[in-house]
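# Geometric and topological summary
Spelled out, the chains give:
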Amino acid sequence: YKRQAFQQCKRALKTDAEAQGIDPALAAVVLDEVEFQPRVIELDRRQPEFTQTFAQYYNRRVTQTRVDRGRKLLEEHGALLDRVAQKTGIPPHYLLSFWGLETNFGSYFGELSVPASLTTLACDGRRGAYFSKELIAALKIVAAGDITVERMQGSWAGAMGHVQFMPSSFLRYAVDADGDGRRDLWGSVADAMHSAGNFLSELGWEPGFRWGREVLLPKGFHFSLANGKPRPLTAWADLGITSVGGQPLPRLDLPATLRVPAGHDGPAFLTYHNFKVIMGWNRSEYYGLAVGRLADRIAGAGLLHREPSDDGVTLTRQVIVQLQRNLNILDYPAGKPDGVPGPATRAALSRFQLDQDLIADGYIDQEAIDQVREAARE
């Protein structure tokens, strides 16, 4: 990256910051010190070569160690978490779950300079406009006196503090809960927990409802109904789905989506509105299920009835791209071949499986990849 181009970009960012009300002296102090960070660009480009299965993702995150630590912190911070719950409607075990997944309960915040990371990404061009906005937000946080530039450290993408807020989320949702005049998401657990509660509440959390639940599916269940449109709980109950203990589901007109992230051999979940709220924090279905389950475990729930077994499947992005191409060739629209096995890819695979009289769970494993490849060759 040419030093001259970076200096030029920094000058443009200074002008932009000043136009948005940032004190020119502050913009100069912060941006003059910033050096280009090749490591940040490397991390931005390094999409993982392998895509994790649900079992690999879940088993590494919802661990007994993390559950035990969460339960201990539930006792330790009980009074604080109850205050947050009263104010925002977010139960303590959910706040702890986010905290545990984001920074392992505050044990790792990231150690890169947030202004340096954001300036590098703003000048890189790939998502320049987005990171320019985040940089301006970071400067506003410094200007407000919430944190010094030196202490503003975080992830390579600029996420910060106990609950890893991006600067724009910080400006919108962070609160000064301990009354010291600063929204300190690095040094104050009270500020961090109240801010997380405020964020989830603003995203539309429905108090009194859970995220979802693990369920049992009846023999001969049509898996093509999974990962699709929500149906009322009563409709799922009428299809023979029960709680893991075998009891009938509550007969409520509550919209629920059936998810089978590890295919027909793995656990099945019905997820509700609050699951969508969790995914407003992070768009990954695996993340949402890990948050919900870690929260349940911290609150006292046991292991999953059907633990996802890691069958050692490693799928490369290249393999997924080829699967998506093959599904598109066969007229099962899987979207643009990008190597990311999202909902469109799984829905396309499920339709293919249904037409082939296979179990239509949309689960991507070696067998499914082979079946699609053979059909595309014919």
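This is a predicted model, so every value here is computed, not measured.

Helix and strand content of the chain: 17 helices and nine strands. The C-alpha atoms of the chain give a radius of gyration of 23 Å, which matches the 21 Å a tight globule of 378 residues would have. Seen along its three principal axes, the alpha-carbon backbone of the chain occupies a region of about 70 × 55 × 35 Å. Across the 378 residues that make up the chain, the buried fraction comes to 50%.

What follows concerns the pairing of strand E8 (residues 268-271). Two faces belong to every sheet, and in a regular strand the side chains alternate between them. Here E8 shows no split at all, with Ala268 and Leu270 on one side and Phe269 and Thr271 on the other all buried. Pairing of strand E4 (residues 212-216) with E8, which is carried by four bridges, proceeds in the antiparallel orientation. Paired with glutamate 214 across the two strands is phenylalanine 269, which belongs to E8. Pairing of strand E7 (residues 255-259) with E8, which is carried by three bridges, proceeds in the antiparallel orientation. In the sheet register, arginine 259 faces E8, and the bridge partner there is phenylalanine 269.

Looking now at the sheet that holds E8. Within the open sheet, the five strands sit side by side as E5-E7-E8-E4-E6. Their pairing is antiparallel. Where the open sheet ends on each side, the last strands, each with one partner, are strand E5 (231-232) and strand E6 (242-243).

Rules used in this analysis
Residues numbered from 1 in each chain as written. Predicted model: local features only at pLDDT ≥ 70, side-chain atom pairs only at ≥ 80, totals over all residues. Heavy atoms only, no water. Helix = DSSP H or I, 4+ residues; strand = E, 2+ residues; numbered from the N terminus. Rg over C-alpha atoms; globule rule 2.2 N^0.38 Å. Buried < 20%, exposed > 50% of the residue type's maximum accessible area, 1.4 Å probe, protein only. Pairing = 2+ DSSP bridges.

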